[in-house]
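For reference, the chains in residue letters:
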Amino acid sequence: MQHIFLDFEMNPIPRENAEARTVVLSEIIQIGAVRLDEDYKLVDRFSQNVRPELNLIQPNITALTGIAQQDVDDAPLLCEALPQFAGWIGEGPTRIYSWSDTDRKQLVRECRLKGLELPGQFRRWMDFQKVYTRLLGLSRRSPLSLRNALGASDTDFAGSQHSAVADAENSASLLTLCKDKEAFAERTRVILEVMGKSEPAGTTLGDLFGDFGSIRERKPSIKKNGKKKKKK
């Protein structure tokens, strides 16, 4: 079983394109990922810029990510980059992870907008921000940012924040840390003491793999009068 931790950088779709924005608000402009082997050791990296179709790279996105328009002018479109990425992942047993559910939703919705078929490798996905929050015993209403999660585990952020491959690699370091309960307890000792806990929540990564779910989004049930049905 290999483990793929991925991250996307995005560029906004213009407000004038209201029809597209009803599906998704941004386009992927960079794919970054790392591959961990069955022992959770990093064995490979993937980084690919993607050319947006609906907007030029905005100045605030360049300031945030370092990605400028000239960096994507000759880059593949998502319809080309996504199969390349899927080919890099391969067909073997794989778990896909990202920090928060944002990247999953982005990929599903952008593929829907552009009429792209979602490669089979991406149909099952784990939101590791939610997993890590539960491992720390924190409320799901107060999820940690990646930088704060790294700080809580006494780990410095490596590389440039908002570089997709750097974000993926730093997130993956937390996955590796969580595999060893004793090491995790030691590295998170400070935050656990602040929380009044002497050790992490009794849950382990193995316990949480049962939450590994489908990428498909649930759509609200609609009554004939157009109102949403209330959940019981």
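See the structure printed just above.
Below you will find a few notes about this structure. What you see is a predicted model; the values in this text were computed from it and never measured. (Residues numbered from 1 in each chain as written. Predicted model: local features only at pLDDT ≥ 70, side-chain atom pairs only at ≥ 80, totals over all residues. Heavy atoms only, no water.)

**Quick look at the overall build of the chain**
So, step 1. Of regular secondary structure, the chain possesses 11 helices and 6 strands.
So, step 2. In the chain, of all internal contacts separated by at least 6 residues, the share reaching a separation of at least 24 is 69%. (Helix = DSSP H or I, 4+ residues; strand = E, 2+ residues; numbered from the N terminus. Contact = heavy atoms within 4.5 Å.)

**Describing the pattern of salt bridges**
Close approach of charged atoms allows side chains of opposite charge to pair.
So, step 1. All told, the structure shown has 6 salt bridges when counted by the stated rule.
So, step 2. Of the charged contacts, one joins Glu27 and Lys114 as a salt bridge, the two residues approaching to 2.8 Å between their closest N and O atoms. With Glu27 in strand E2 (residues 26-36) and Lys114 in helix H5 (residues 102-114), this residue pair connects regions lying 87 residues apart in the sequence.
So, step 3. Sharing partners across several salt bridges, the network here consists of Glu27, Glu53, Glu110 and Lys114. (Salt bridge = Lys/Arg side-chain N within 4 Å of Asp/Glu carboxyl O.)

**Comments concerning the pairing of strand E5 (residues 124-127)**
So, step 1. Pairing analysis gives 2 bridges linking strand E4 (residues 94-98) to E5, with the strands arranged parallel. In the strand pairing of E5, Tyr97 is matched with Met126.
So, step 2. Handedness of the crossover joining E4 and E5 through H5: right-handed. (Pairing = 2+ DSSP bridges. Right-handed = clockwise from strand over helix to strand, strands pointing away.)

**Here we look at the environment of Thr176**
So, step 1. With respect to the helices, strands and loops of the structure, Thr176 is situated in helix H8 (residues 164-179).
So, step 2. For the pair Thr176 and Leu36, spaced 140 residues apart in sequence, the C-alpha separation works out to 8.8 Å.
So, step 3. Beyond its immediate chain neighbours, meaning those up to four positions away, Thr176 contacts Leu36 and Tyr40.
So, step 4. A polar atom in the side chain of Thr176 sits 3.0 Å from the backbone oxygen of Tyr40. (Polar contact = N/O pair within 3.5 Å; in protein donor to acceptor, adjacent residues only side chain to side chain.)

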